[in-house]
Amino acid sequence: MWSLLQRFVHDESGATAVEYGLVAAGISVAIIAILNTLSGQLKSAFSDMLKSGR
């Protein structure tokens, strides 16, 4: 039983999966923030084009 507990404490295979998950979440948040910024700029650009009659 003691050796099983020691193996569990020293096992780092799950930590790698968690790290990859955190990196993926960070990249997703960055992409969403960029898309939200660009969507506002694109809306205003198309609105300006429609108002000017192009």
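Before reading on, note that the structure itself is shown above.
Cut-offs and rules
- By convention here, each chain's residues receive numbers from 1 onward along its written sequence.
- Reporting in this predicted model follows two pLDDT cut-offs: at least 70 for local features of residues, and 80 or more for side-chain atom pairs to be given and counted; totals over whole chains, interfaces and linings ignore these cut-offs and use all residues.
- Only hydrogens and water are set aside; all other atoms, that is, all heavy atoms of the structure, feed into the side-chain values.
- Here a strand is any run of E in DSSP of at least two residues, a helix any run of H or I of at least four, and the numbering for each starts at the N terminus.
- Radius of gyration here uses only the C-alpha atoms, and the compact-globule reference equals 2.2 Å multiplied by the residue count raised to the power 0.38.
- For the exposure calls, accessible area comes from a 1.4 Å probe over protein chains only, and a residue counts as buried if that area is under 20% of its type's maximum, exposed if over 50%, partly exposed in between.
- Charge assignment: positive for Lys and Arg, negative for Asp and Glu; neither His nor the chain ends contribute.
- The atom standing in for a charge is NZ when the residue is Lys, CZ when it is Arg, CG when it is Asp and CD when it is Glu.
- For patches, a residue must show more than 30% relative accessible area and have no salt bridge; joins then use 9 Å for like charges and 5 Å for nonpolar side chains, namely Val, Leu, Ile, Met, Phe, Trp and Tyr.
- The accessible surface values rely on the Shrake-Rupley method and a 1.4 Å probe; as for residues, cover is taken only from the protein chains in view.
- One side-chain nitrogen of Lys or Arg within 4 Å of one carboxyl oxygen of Asp or Glu is enough to make a salt bridge.

So, the overall build of the chain
Each helix and strand counted, the chain has two helices and zero strands in total. Taken over C-alpha atoms, the radius of gyration comes to 24 Å for the chain, far larger than the 10 Å a tight globule of 54 residues would show. In the chain, which comprises 54 residues, the proportion classed as buried is 0%. Between the centroid of the 4 positive side chains of the chain and the centroid of its 4 negative side chains there is a distance of 22 Å.

Description of a nonpolar patch on the surface
Taken together, the side chains of W2, L5, F8 and V9 define a hydrophobic patch exposed on the protein surface, amounting to about 520 Å² of accessible area. Along the chain, the position of V9 falls in helix α1 (residues 2-10).

Let's talk about the environment of L38
With respect to the helices and strands, L38 occurs in helix α2 (residues 13-52). L38 gets classed as partly exposed once you look at its relative accessible area, which sits at 41%. When the C-alpha atoms of L38 and M49 are compared, they prove to be 16 Å apart, with eleven residues separating the residues in sequence.

The quantities given are spatial measurements derived from coordinates; they are silent on function.
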